[in-house]
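Summary of structural features
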Amino acid sequence: MRENEEFRLVTHRKKRASHVRNNCHSNLSLSVNDKNDDSSINYEILLGKLHEAENELKNSMFANNVFHYLKNSLSVLNVNGISDILCYGLGHFSNRKSSKYQLALLLCLKKHYSSQVYLYDPVFSSREIELLKGLGCNIIEINEEGKHVIHDNVTLVYMPHCSIHLINNFLYANWCKKLNKCILLTNSFSIVVDNLRHSNRFTSIDYILRIEPYVTEIALKNDFLYEEAFNDLNIHIFLEENINKVPQNFWNIREEPCYQDTGIDYVTAKQTEELDTKDCCDKNET
């Protein structure tokens, strides 16, 4: 490994559209069939395909770069490993190629760091959940809307092509100096901020905008064969020296995000509750 190589920091911003998974938009109908239709899923075949994808990914230059820059990140953060991995937004990995390879990377990370993995996506089918549990992953039972609070464990937050609102919600829930316990493997903050400024969407994604000047973003070269799986995915860390520059009152301004005047691109807790209620009623009728 390249021990002494410098981070490839993001030094300029490209005005590109950040690719957000297109099945999580709140204006799309998440139906019972979307969530629970397992009729076409063969457990053993799906497991075999995931193992193939994992082997393909772990032998790629892209995976080598991810692990190299994560190793460097842990070194500058002065920590030894990653205790927990929090993952949102994988989508239907049983029938979407991008989601399958995103999960394959998650499984590689889990094994490499011997981490506890916590996942949530409202579109997971019951068979997909069964498979994830069989792979040693923990399923978050409720829709937290990204507002998962971390504690003292070093946590990798993995949101491949996930809603920028969910990233914003996560920052809100953990809005304090303990962010330096986090490594975010998410959509590029620099691209997100450029897009927000270009569209004048300042207030709705307030936490990303406020923290971005204090983030160290490490660019990942997307040279994987299926480049759409990891497009715009970068590593983001919060160095102690930068966090210490933040005025104390910076953390005191902490209001829950409100997206009333803008379209959100994730399934809300209310929508999930309505879906679960409908699903329960349908099962009772049968």
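All of the points below concern the structure found in this document. All of these numbers come straight from a predicted model, not from anything done at the bench.

**Comments concerning the sheet that holds strand 2 (residues 116–120)**
Pairing in this open sheet of 7 strands is mixed, and the strands run 3-2-1-4-5-7-6 from one edge to the other. The outermost strands of the open sheet, each flanked by one partner alone, are strand 3 (138–139) and strand 6 (216–218). One ladder, built from 5 bridges, connects strand 4 (residues 155–159) with strand 5 (residues 182–187); its direction is parallel. Note on strand 5: the bridge partner recorded for Met159 is Thr186. Strands strand 5, strand 6 and strand 7 (233–237) of the sheet are contacted by helix 7 (residues 189–199), whose axis makes an angle of about 55° with strand 5.

**Let's talk about the side chain of Thr272**
Tracing the backbone through its elements, the reader meets Thr272 in helix 11 (residues 269–285). Polar contacts involving the side chain of Thr272 include one to the side chain of Asn143, which spans 2.8 Å. Here Thr272 is in contact with Tyr120, Pro122, Asn143 and Val267, once residues within four sequence places are set aside.

**Examining the pairing of strand 5**
Counting buried residues along strand 5, 6 of its 6 residues qualify, which places the element largely inside the surrounding structure. One crossover worth recording links strand 4 to the parallel strand 5 by way of helix 6 (residues 164–173), and it is right-handed. Bridge count between strand 5 and strand 7: 5 bridges; the pairing is antiparallel. Note on strand 7: the bridge partner recorded for Asn187 is Leu233.

Rules used in this analysis
- Just so you know, the residues in each chain are numbered from 1, in the order the chain's sequence is written.
- Where totals are concerned, whole chains, interfaces and linings use all residues; where local detail is concerned, this predicted model gives features only for residues with pLDDT of at least 70, and gives and counts side-chain atom pairs only at 80 or more.
- Only hydrogens and water are removed before side-chain values are computed, so all heavy atoms of the structure are retained for them.
- For two strands to be treated as a pair, DSSP must find at least two bridges joining them.
- Helix and strand definitions follow DSSP, with helices as H or I runs of at least four residues and strands as E runs of at least two, each counted in order from the N terminus.
- Two residues form a contact once any of their heavy atoms are found within 4.5 Å.
- To get an axis, fit a line to the C-alpha atoms, keeping to the stretch in contact for a helix; angles then go from 0 to 180 degrees between the N-to-C directions.
- In protein, a polar contact requires one atom able to donate a hydrogen and another able to accept it; more generally it is a pair of N or O atoms within 3.5 Å, and residues adjacent in sequence count only if both atoms are side-chain atoms.
- Only protein chains enter the accessibility calculation, which uses a 1.4 Å probe; a residue is then buried when its area is under 20% of its type maximum, exposed when over 50%, and partly exposed in between.
- For a crossover, the right-handed case is the one in which the path from the first strand over the helix to the second runs clockwise, viewed with the strands pointing away from the viewer.

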